[in-house]
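Residue strings, one per chain:
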Amino acid sequence: MTSSDLPTTLSRRDFLSLGLGALGLAGLLQSGAITYQFLAPRTIEGEFGGVVHAGELVSFPPGSVTEFPDGRFFLVRLDDGGLLAVYRRCTHLGCAVAWHPTEDRFTCPCHGSHFDQAGVVENPPAPRPLDTFAITLRDGQISVDTARPQRRDHFSVDQVVYG
Ligand code: FES
C-alpha cells in the first residue's frame with residue numbers, strides 16, 4: 001500500500017471526535033492554568049510575602065522603629081545598632097500591633113498586650129514575643145524576607161543583625 005492508497009478524507013464522526021478532543025484538551029489546560037494561578041504562593045517583591053528592600057542602614061538611626069505597612073513589619077534599630085524586622089501580627093490572636101514612640105513599646109488594640117522595642121512581651125495575654133523576619137544586609141542595604149515569619153520563645157542576641 002502506498003501513501004496514495006490511504007484515505008484522504010475524514011469521516012464526519014472522526015472530524016467531530018477530533019474537534020471535541022481538541023476542545024476538551026484546551027479546556028483542561030486553561031482550567032489547570034487558572035488553578036495554578038489561584039494556588040501559587042504570592043511573592044511580590046516589595047510586599048508582604050516577598051522581599052522588601054528597606055533602604056540604607058544609615059537611614060535608620062539607633063533607637064528607631066520604622067513601620068513598613070506593605071511588608072507588615074517594623075524595622076527596629078536597637079540602641080546598640082542591631083537590626084530586627086518585627087512582624088506586626090500579635091502572637092495572641094493575630095491583631096496588628098502599633099508602635100507608640102512616646103511609650104517606647106508596641107501595643108495590641110485587641111486585648112492590651114504590650115511588647116518592648118525588641119518585640120518581647122511586657123504585658124500578656126500574648127504568650128511569646130512578636131515573630132521576626134530574616135534580614136539581609138549587603139553593601140549597607142537592608143532587605144527583609146517576609147515569606148516566613150520566624151517564631152521565637154524568647155529574645156536572644158543571635159536574632160539581631162549587625163552591620
Ligand atoms: S490579639 Fe493581641 S492581645 Fe489579643
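Residues numbered from 1 in each chain as written. Predicted model: local features only at pLDDT ≥ 70, side-chain atom pairs only at ≥ 80, totals over all residues. Heavy atoms only, no water.

(A) Spotlight on the pattern of salt bridges. Applying the stated criterion to the full structure yields 2 salt bridges. Where R105 meets E103, a salt bridge forms, and the shortest distance between an N and an O atom there is 3.1 Å. Overall, the relative accessible area of 23% leaves R105 in the partly exposed class. When its relative accessible area of 41% is taken as the criterion, E103 is described as partly exposed. (Salt bridge = Lys/Arg side-chain N within 4 Å of Asp/Glu carboxyl O. Buried < 20%, exposed > 50% of the residue type's maximum accessible area, 1.4 Å probe, protein only.)

(B) Main features of a negative patch on the surface. On the surface, a cluster of negative charge is made up of D79, D80, D104 and E122. Summarising the element assignment, D80 is placed in the loop between β3 (73-77) and β4 (83-87). (Patch = residues over 30% accessible without salt bridge, like charges linked within 9 Å, V, L, I, M, F, W, Y side chains within 5 Å. Areas by Shrake-Rupley, 256 points an atom, 1.4 Å probe, with all protein chains shown as cover. Lys, Arg positive; Asp, Glu negative; His and termini not counted. Charge placed at Lys NZ, Arg CZ, Asp CG, Glu CD. Helix = DSSP H or I, 4+ residues; strand = E, 2+ residues; numbered from the N terminus.)

(C) Quick look at the side chain of Q117. Along the polypeptide, Q117 turns up in the loop between β7 (114-115) and β8 (121-123). The exposure class of Q117 is buried, given its relative accessible area of 11%. A polar side-chain atom of Q117 sits 3.4 Å from the main-chain carbonyl oxygen of G63. With residues near it in sequence (within four places) discarded, Q117 still touches G63, S64, V65, V76, R77, L78, D79, W99, D104 and F106. (Polar contact = N/O pair within 3.5 Å; in protein donor to acceptor, adjacent residues only side chain to side chain. Contact = heavy atoms within 4.5 Å.)

(D) Fine view of the sheet that holds β8. Taken in spatial order, the 4 strands of this open sheet run β5-β6-β7-β8, and their pairing is antiparallel. The sheet is open, and its two borders are formed by β5 (98-100) and β8, each paired with just one other strand. By the bridge criterion, 2 bridges tie β7 to β8 in an arrangement that is antiparallel. Residue pairing across strands places H114 opposite N123, the latter belonging to β8. (Pairing = 2+ DSSP bridges.)

(E) View of the environment of L130. Relative to the assigned elements, L130 resides in the loop between β8 and β9 (132-138). Measuring from C-alpha to C-alpha, the distance between L130 and P149 comes to 9.5 Å, with 19 residues separating the pair along the chain. Excluding anything up to four places from it in sequence, L130 contacts V86, Y87, R89, C90, T91, V97, F106, F115, G119 and R152.

(F) Spatial organisation of the pairing of strand β2 (residues 64-68). The sheet contact formed by β2 and β3 spans 5 bridges and is antiparallel. Paired with S64 across the bridge in β3 is R77. Between β2 and β3, which pair antiparallel and follow one another directly, the connecting turn spans 4 residues, one of which, R72, has a positive phi of 60°.

(G) How the structure looks around the sheet that holds β4. Strand order in the open sheet formed by 6 strands is β1-β10-β9-β4-β3-β2, with antiparallel pairing between adjacent strands. Looking at the sheet topology across the chains shown, the edges are occupied by β1 (51-56) and β2. Across this sheet, the average inter-strand angle for adjacent strands is 25°, counted without regard to direction. (Axes fitted to C-alpha atoms, helices over the stretch in contact; angles between N-to-C directions.)

Honestly, it's all geometry; don't read function into it.
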